[in-house]
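Examination of the molecular architecture
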Amino acid sequence: MSSILINHKPKISFGIIVLNGEPYTRYCIRALYPHAHEIIIAEGACEGARSIALPNGHSEDGTLEILKEIKEYEDPEGKIFIVTAEDEGHPNGFWPGEKHEQSQAYAKRASGNYLWQVDIDEFYKDEDIISIKSILEDNPEITAVSFRQIQFWGGFDFTVDSWYLRRGMNEFHRLFKWGEGYQYSTHRPPTVLNEKGIDTRSLNWLDKKKTSASGIFLYHYSFVFPKQVREKAQYYKFADWSKRKEAEWWANDV
């Protein structure tokens, strides 16, 4: 009787949402590129980020132009795809809603067997990505992977801690099995449903306790530069899900 060898090699579609991604844009994409089946980038502002975007809905710091340069000069394997609100039928350049549509835009274009969501200011050690790919290859029944974030503050000598994070908000749901009939359901929290409509995190989930026990973390450069603090505070002030009216005061005075 002949046996059939089934190939479980992970083909990872990285999905990125970005607005004002500098100074990280090139570094993030270059770090992912060797490991990627493809990198799909949804650029531009949702309505809650209007105050930190150009009037046409795009990044104020030239991120879209940089993405186009990377695509032209640093994509020999044709892995990079750029999606804007205009591509999805929104001529004013702004994405509707609150990032769900951006996540769904890259997800519906994904052709890999895993979908890995990455923010432009999130990084992983190269060896950790290799380890995750090896784990997925050895354990194809895994349907979702989450990571504990290490969040830097004002440089790389200090990290952020709080009760808010300790109550569960330092676990980032980032990697999901992907295939025909799967759908990206919500951005907050990131949730992928399989072809039967079942949350992949309710099946065979590799949570932050397991990944951090292996020394694998998400390194979040979210508050390294003052520019980031100002922009995030503006966004948190106006976003429907947040509405933190004192965020701007916090950024300026705290």
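Structure: see above.
For the structure given in this document, a descriptive report is provided here. (Residues numbered from 1 in each chain as written. Predicted model: local features only at pLDDT ≥ 70, side-chain atom pairs only at ≥ 80, totals over all residues. Heavy atoms only, no water.)

**Structural notes on the pairing of strand 3 (residues 80-83)**
Note that strand 2 (residues 38-43) and strand 3 share 4 bridges and pair parallel. Residue pairing across strands places Ala42 opposite Val83, the latter belonging to strand 3. This β-α-β element, strand 2 to helix 2 (residues 63-73) to strand 3, shows right-handed connectivity. (Pairing = 2+ DSSP bridges. Helix = DSSP H or I, 4+ residues; strand = E, 2+ residues; numbered from the N terminus. Right-handed = clockwise from strand over helix to strand, strands pointing away.)

**A look at the packing of aromatic side chains**
Tallied over the full model, the rule gives 17 aromatic pairs. On the basis of an interplanar angle of 70° and a centroid distance of 5.1 Å, the ring pair of Trp116 and Tyr124 is categorised as edge-to-face. The two residues Trp116 and Tyr124 agree in class, both being buried. Here the aromatic rings of Trp178 and Tyr182 are separated by 6.1 Å at their centres, their planes lie at 55°, and the arrangement is tilted. In this pair, the class of Trp178 matches that of Tyr182, namely buried. What links up through ring pairs into an aromatic cluster is the set Tyr24, Phe123, Phe152, Phe156, Tyr221 and Phe225. (Phe/Tyr/Trp six-rings, centres within 6.5 Å; stacked < 30°, edge-to-face > 60°. Buried < 20%, exposed > 50% of the residue type's maximum accessible area, 1.4 Å probe, protein only.)

**A closer look at the side chain of Asn20**
Along the chain, the position of Asn20 falls in the loop between strand 1 (12-18) and helix 1 (25-32). Among the polar contacts made by the side chain of Asn20, one reaches the main-chain amide nitrogen of Glu60 at a distance of 2.6 Å. With residues near it in sequence (within four places) discarded, Asn20 still touches Ile52, Ser59, Glu60, Asp61, Thr63, Lys227 and Glu231. (Polar contact = N/O pair within 3.5 Å; in protein donor to acceptor, adjacent residues only side chain to side chain. Contact = heavy atoms within 4.5 Å.)

**Quick notes on the pattern of salt bridges**
Between side chains of opposite charge, pairing is possible as soon as their charged atoms come close. Overall, the coordinates contain 16 salt bridges when judged by the stated rule. A salt bridge links Arg174 to Asp119; the shortest N-O distance between them is 3.8 Å. Highlighted residues: Arg174 in strand 7 (residues 171-177) and Asp119 in the loop between strand 4 (114-117) and strand 5 (122-123), separated in sequence by 55 residues. Overall, Arg174 belongs to the buried group, its relative accessible area being 5%. Of the charged contacts in the structure, one is a salt bridge between Lys227 and Glu231, with a shortest N-O distance of 3.4 Å. Within this pair, Lys227 and its partner Glu231 are both found in helix 7 (residues 226-238), separated by 4 residues, close to a single helical turn. Residue classification places Lys227 among the partly exposed positions, given a relative accessible area of 23%. Via salt bridges that share partners, Glu22, Arg26 and Glu69 belong to a single interconnected network. (Salt bridge = Lys/Arg side-chain N within 4 Å of Asp/Glu carboxyl O.)

**Topic: helix 3 (residues 100-107)**
When we look at burial in helix 3, the residues that qualify are Gln102, Ser103, Ala105, Tyr106 and Ala107. Considering only its buried residues, helix 3 is in contact with strand 1, strand 2, strand 3, strand 4 and strand 8 (183-186).

**Topic: the pairing of strand 8**
Inspection of the sheet shows strand 8 paired to strand 9 (residues 191-193) by 3 bridges, in the antiparallel sense. Counted as the bridge partner of Gln183 is Leu193 from strand 9. Hairpin remark: strand 8 followed by strand 9, antiparallel, with 4 residues in the connecting loop.

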